[in-house]
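Residue-level listing of the chains:
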Amino acid sequence: MPSTGPYSIPGFRPAAVYRMPAQRVTSRKSHANAIIAIVLVAAFVVFAVGAVAAKNRQIKEHEAITKQSKIVYDHAMQISKALGRLASDPNISDPSDSSDSDSVAETVASYKSSIDDYIEGYVSTVNNPYAPSGNSKDIAYDLRFMEYETLRKAQGFFDEFDSIVEHANWSVRLADTRNLETLNSTLGRSPDKWKDTADAAADITAAMKHLAAVEEDLTSVIADLHSREEQASSFDTTIPTQQTVMTASQHVADTLGVAIAYSPDGGASECGVDALQASEAMENSQGFYCTRAGDRTNRDKFYVNTAITSYPDVLSHLYFLATVKHELSHRSILITCGTTDPIIAGDRDEGVTSAYAVLFFGANEQVLNSAVIPVINNPNESQETRDAAAKYLVDDQGKTIARQIHDERKCR
Ligand SMILES: [Zn+2]
C-alpha cells in the first residue's frame, strides 16, 4: 500500500494542512479576543483606577480648599474684628485734625466695612466657609479673590494706623514710652512682607495688643494727673502777697511735677514763636505753655513772662496763681487729648482751659474773669481785642466742655 499509503498521506496532509491553518486561525481568533479582552479589562482598570484617582483627587482638592477656606476666613474675620474694636476706640480719634471731616474712627470703620463686604461676598458664594460648596477650582478662585482684597485693605489700614499713632501724640502724653516703642516697632514691620491674611492677622493682632498696653499707660497717667489736680486745687491763698502767691504757685507746679521758668521773652524762643508774634504777646501775656507734637521738651514746664509791664507786681496778685492753674490746665488737656486745642473746644480753647482750671485746679473764676470782662465791655477797645478777650471768658459752655474733657476724655 505504498501507493495508497503515500497517496493517502498527501490526502491526509492537505486535510492536516487544512486543519492546521484552521486550527491556527481559531487560535489566532481566540488570542485576538483574549488580547481585546485584556486590553478592554486593562482599559477598564485604567479607567476605573483613573476614575477613582480622579475622584480621590477631587476629594483631596476639596479637603484642601476646605481647610484653606477655614484658615483664610478665620484670619479675615480676625482682621475685621480688630478693626471693629479700633473703630469704636475713643483713644484713636484725632482731636487736632479739624480740617479733615473724616475722623480716624470713620476711616478705620470704612476699611472694616470693605473687608466685611469681601468676606460676605465670599460666604454668599460658597454658603459655608467651613464647608464650602461648589467646584474646588471655583472655590479656590473666590477664596483667593477674597484674601487678596482683604489683604489689600488691611495693608491700607496698617499704613494709616502708623499716622493714627503719630497724630495721637502719645509720645508726649505718656510718662513711660516703652509700650509705645513696642507698638511703633510692630507698625514698622512692612506690610508688603505679608504673604497672606495669616501674616496680616498676626501683625494687626499684635499691634492691637500693644495699643491696648499704651492705652492702659495713658489711663494710669490721666488717673495720676487727676489726683494731682485735686491736691493742687487746695493750694490757694486769701491774703495775696508776693510770698503767699508765689509759694502757692510753686506748690501747685510742684504737685504736678512741672517747672516754672521765669523768662524775659516768656519762653517765646523755646516755643518757636516768631519775633513779631512774640513782641505782641509780650505786651499782655503773663505766661505761656507750649509743646509741639512729638516733642516732650516743654511738656513739664511753663513760662512766666518777666518782660510784661506789670511784672513783678503780678506776682503778688491772685491772678498770677490763677494763671499758673490756667497754664497747667493747658497741660492737662494736652495729656488728655493729645493737643491743647481739641476739636470739642472749637475756637474757645482758652476759655475752656480757664474753665478747666476753675473746675479741676480750684482756680478763682472771678479773678480770671476780672481780667477779661472789663476788656470785653470796653467800647474804646478795638473789636478784635474785645473778641480776643471774650475767648478767655469762663462761662457755662466752657465748663460743660471742660467737664467732658476731664470726665469723659471726650476731645472731639
Ligand atoms: Zn492759655
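The rules we used
Residues numbered from 1 in each chain as written. Predicted model: local features only at pLDDT ≥ 70, side-chain atom pairs only at ≥ 80, totals over all residues. Helix = DSSP H or I, 4+ residues; strand = E, 2+ residues; numbered from the N terminus. Buried ≥ 20, exposed ≤ 12 C-beta atoms within 10 Å, placed from the backbone. Contact = placed C-beta atoms within 7 Å. Expected span 1.5 Å × (residues − 1). Pairing = 2+ DSSP bridges. Arc of directions from axis to C-beta. Core = buried A, V, L, I, M, F, W, Y, C linked by C-beta atoms within 7 Å. Axes fitted to C-alpha atoms, helices over the stretch in contact; angles between N-to-C directions. Parallel < 35°, antiparallel > 145°, perpendicular 65-115°, else oblique. Left-handed = near helix turned anticlockwise from the far one by under 90°. Nonpolar A, V, L, I, M, F, W, Y, C, P; charged D, E, K, R; others polar. pLDDT = per-residue confidence, 0-100.

Colleague: Just to check I follow, could you spell out the overall build of the protein for this structure?
Modeller: If you tally the helices and strands in the protein, you get 15 helices and 3 strands. Per-residue burial over the protein gives 35% buried out of 412 residues. For the protein, contacts bridging at least 24 residues in sequence account for 73% of all contacts bridging at least 6.

Colleague: Hey, could you run me through helix α3 (residues 136–167) in this one?
Modeller: It helps to recall that an α-helix has 3.6 residues per turn; residues three or four apart then point in one direction. With 32 residues, α3 extends 46 Å between its outermost C-alpha atoms, agreeing within 8% with the 46 Å of an ideal straight helix rising 1.5 Å per residue. N169 sits one or two residues past α3 and shows a positive phi near 60°.

Colleague: Help me understand the sheet that holds strand β1 (residues 259–263), please; the structure alone is not making it clear to me.
Modeller: Sheet strands line up and pair through hydrogen bonds in the backbone, either parallel or antiparallel. As summarised here, the arrangement of the 3 strands in space is β1-β3-β2, forming an open sheet in which the pairing is mixed. Two strands in the sheet have a free side with no partner beyond their single neighbour: β1 and β2 (287–288). Both β1 and strand β3 (residues 301–305) contribute to a ladder of 5 bridges, which runs parallel. Of the residues in β3, the one forming a bridge with I260 is F302.

Colleague: What's the story with the environment of A131 in this structure? I'm lost.
Modeller: Position of A131 relative to the elements: it lies in the loop between α2 (104–126) and α3. Along the backbone, A131 and I65 are 66 residues apart, and their C-alpha atoms lie at a distance of 9.2 Å.

Colleague: Even after reading the chapter, I still don't get the pairing of β3, so can you show me in this structure?
Modeller: Residues in a regular strand point their side chains to alternate faces of the sheet. By the criterion of burial, β3 is predominantly enclosed, with 4 of the 5 residues buried. Two strands pair when backbone bridges link them, and β2 and β3 are joined in this way by 2 bridges, in the antiparallel orientation. The partner of F288 across the bridge, within β3, is Y303.

Colleague: Please explain helix α15 (residues 396–408) as it appears in this structure.
Modeller: The end-to-end C-alpha distance of α15, which contains 13 residues, comes to 17 Å, matching closely the 18 Å that a straight helix rising 1.5 Å per residue would cover. Along α15, the positions that sit buried rather than exposed are G398, I401, A402, I405 and H406. What you see down the axis of α15 is that its buried residues fit within an arc of 130°, all on one side. The outward face of α15, more than 90 degrees from its buried face, is lined by the exposed residues D396, D407 and E408. Summarising the contacts, the buried residues of α15 are in contact with α10 (318–337) and α11 (349–360). Following α15 by one or two positions, R409 has its phi on the positive side, about 55°.

Colleague: What's the story with unusual backbone geometry in this structure? I'm lost.
Modeller: For residues that are not glycine, phi is negative in most cases, and the peptide bond is trans in most cases. Cis geometry is found at the peptide bond from Y311 to P312, where omega equals 5°. Looking at the element boundaries, P312 is found in the loop between β3 and α10. Residues other than glycine seldom take positive phi values, yet N169 does so here, at roughly 60°. Among the secondary structure elements, N169 is positioned in the loop between α3 and α4 (170–173). For N169, a count of 22 C-beta atoms within 10 Å gives the class buried. At R409, a residue that is not glycine, the phi angle is positive and equals roughly 55°.

Colleague: What exactly am I supposed to notice about the nonpolar core here?
Modeller: By size, the foremost hydrophobic cluster in this structure holds 49 residues, and its most contacted members are V252, Y356 and I405. Counting residues per element, this core draws most heavily on α10, which supplies 11 residues. In this structure, Y356 is in contact with S329, S332, I333, A402, I405 and H406, ignoring residues within four places of it in sequence. Ranked by size, the runner-up nonpolar core spans 39 residues in total, among them A76, Y118, L143 and L187.

Colleague: Just to check I follow, could you spell out the environment of H210 for this structure?
Modeller: When you line up the elements, H210 lands in helix α6 (residues 197–233). For the pair H210 and N179, spaced 31 residues apart in the sequence, the C-alpha separation amounts to 6.5 Å. Those residues in contact with H210 that lie beyond four places of it in its chain are N179, T182, L183 and T186.

Colleague: Help me understand the packing of α3 against α6, please; the structure alone is not making it clear to me.
Modeller: Here α3 crosses α6 at 30°, and the two axes come no closer than 10 Å. Between α3 and α6, the interaxial angle falls into the category roughly parallel. The chirality of how α3 crosses α6 is left-handed. Within the contact between the two elements, α3 uses E147, T150, L151, A154, F158 and F161 and α6 uses T197, A200, I204 and A207.

Colleague: Sorry, what's going on with the environment of N305 here?
Modeller: Mapping N305 onto the fold places it in strand β3. Since 24 C-beta atoms lie within 10 Å of it, N305 is described here as buried. Placed 42 residues apart in sequence, N305 and S263 show a C-alpha to C-alpha distance of 5.5 Å.

Colleague: Looking at this model, I keep getting lost on the packing of α2 against α3. Mind explaining?
Modeller: Two numbers describe a pair of packed helices, the interaxial angle and the distance between the axes. Direction vectors running N to C along α2 and α3 enclose 175°, while the axes themselves pass 10 Å from each other. Relative to α3, α2 is oriented roughly antiparallel. Facing V104, T107, V108, Y111, S114, I115, Y118, I119, G121, Y122, T125 and V126 of α2, the residues of α3 in contact are I139, D142, L143, M146, E149, T150, K153, A154, G156, F157, E160 and I164. In the contact of α2 with α3, the residues fall into 14 nonpolar, 6 polar and 4 charged.

Colleague: Got a minute to help me understand the confidence of the model for the protein in this structure?
Modeller: Do not read the fine detail of predicted coordinates wherever pLDDT is low. Averaged over the protein, the pLDDT score is 85; the fraction of residues at 70 or greater is 84%. Under a pLDDT of 50 for its full length, residues 1–24 has, in the predicted model, 0 contacts with residues more than four places off or in other chains.

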